[in-house]
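Per-entry structural report
In case you want the letters, here they are:
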Amino acid sequence: MVAVTFIHPDGSRETHEAAAGDTIMDVALDHGVAGIIAQCGGACTCCTCHCWIEAPWLDCVAPPHADELEMLEYAWGRDARSRLACQVTLDQSLSGIVVALPEEQA
């Protein structure tokens, strides 16, 4: 299992376990994490699962592909840590990853 910690805009945290191969979006939806809407269901055609990958984890995830970067142009509060949760696939090396959630989604 892979542990994922979500940090809400108010600073509260919640941690959930996921199977390797799941995405961060899958974990959020499976556990009802507020702040991840995932309107397109993981097709990388919206940016309603925008999140920020916290250091040092940002260096551990695969870099975003061109489609993800294009969608992130529409994300509220986009910065260098921004990713779409549907595009970050979890494996054992990411157990303990920390993800911050924005106050709003596009």
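None of the values given here were measured: they were computed from a predicted structure.

The next thing to look at is the side chain of Thr-48. One can find Thr-48 in the loop between helix H1 (24-30) and strand E3 (50-53). Judged by its relative accessible area of 2%, Thr-48 is buried. Side-chain polar atoms of Thr-48 contact the backbone nitrogen of Gln-39, separated by 2.8 Å. The contacts of Thr-48, once residues within four sequence positions are left out, are Gly-35, Ile-36, Ile-37, Ala-38, Gln-39, Gln-105 and Ala-106.

Looking now at the state of the cysteines. Counting across every chain of the model gives zero disulfides. We note that Cys-40 lacks a disulfide partner, and the nearest cysteine sulfur, in Cys-46, lies 3.6 Å from it. Cys-51 carries a free sulfur, and the closest cysteine sulfur to it, the one in Cys-49, is 6.8 Å from it.

Hydrogen bonds between backbone groups are what pair the strands of a sheet, and the pairing can be parallel or antiparallel. Taking strand neighbours across the sheet as the criterion, the five strands line up as E2-E1-E5-E3-E4 in an open arrangement whose pairing is mixed. The open sheet terminates on both sides in strands that have one partner only, identified here as strand E2 (13-18) and strand E4 (82-84). If you compare each strand with its neighbour and ignore which way they point, the axes differ by 35° on average. One ladder, built from three bridges, connects E3 with E4; its direction is antiparallel. Opposite His-50, over in E4, you have Leu-84 as the bridge partner.

To continue, consider the nonpolar core. A general feature of soluble globular proteins is that nonpolar side chains tend to end up buried together. Residues Phe-6, Ile-24, Ile-36, Leu-84, Leu-90, Ile-97 and Val-99 are the most contacted members of the largest nonpolar core, which totals 34 residues. For this core, the secondary structure elements donating two or more residues are strand E1 (2-7), H1, E3, helix H2 (66-72) and strand E5 (97-100). In this structure Phe-6 touches Ser-12, Arg-13, Glu-14, His-16, Ile-24, Val-27, Ala-28, Val-33, Val-99 and Leu-101, once residues within four positions along its chain are discounted.

What follows covers unusual backbone geometry. The residue after Ala-55, namely Pro-56, is reached through a cis peptide bond having omega 0°. By the element assignment, Pro-56 lies in the loop between E3 and H2. One non-glycine residue, Cys-44, adopts positive backbone phi at about 60°. Mapping Cys-44 onto the fold places it in the loop between H1 and E3. On the basis of relative accessible area, Cys-44 is assigned to the buried category, the value being 10%.

Calculation rules
- Residues numbered from 1 in each chain as written.
- Predicted model: local features only at pLDDT ≥ 70, side-chain atom pairs only at ≥ 80, totals over all residues.
- Heavy atoms only, no water.
- Helix = DSSP H or I, 4+ residues; strand = E, 2+ residues; numbered from the N terminus.
- Buried < 20%, exposed > 50% of the residue type's maximum accessible area, 1.4 Å probe, protein only.
- Polar contact = N/O pair within 3.5 Å; in protein donor to acceptor, adjacent residues only side chain to side chain.
- Contact = heavy atoms within 4.5 Å.
- Disulfide = S-S within 2.5 Å.
- Pairing = 2+ DSSP bridges.
- Axes fitted to C-alpha atoms, helices over the stretch in contact; angles between N-to-C directions.
- Core = buried A, V, L, I, M, F, W, Y, C linked by side-chain atoms within 4.5 Å.

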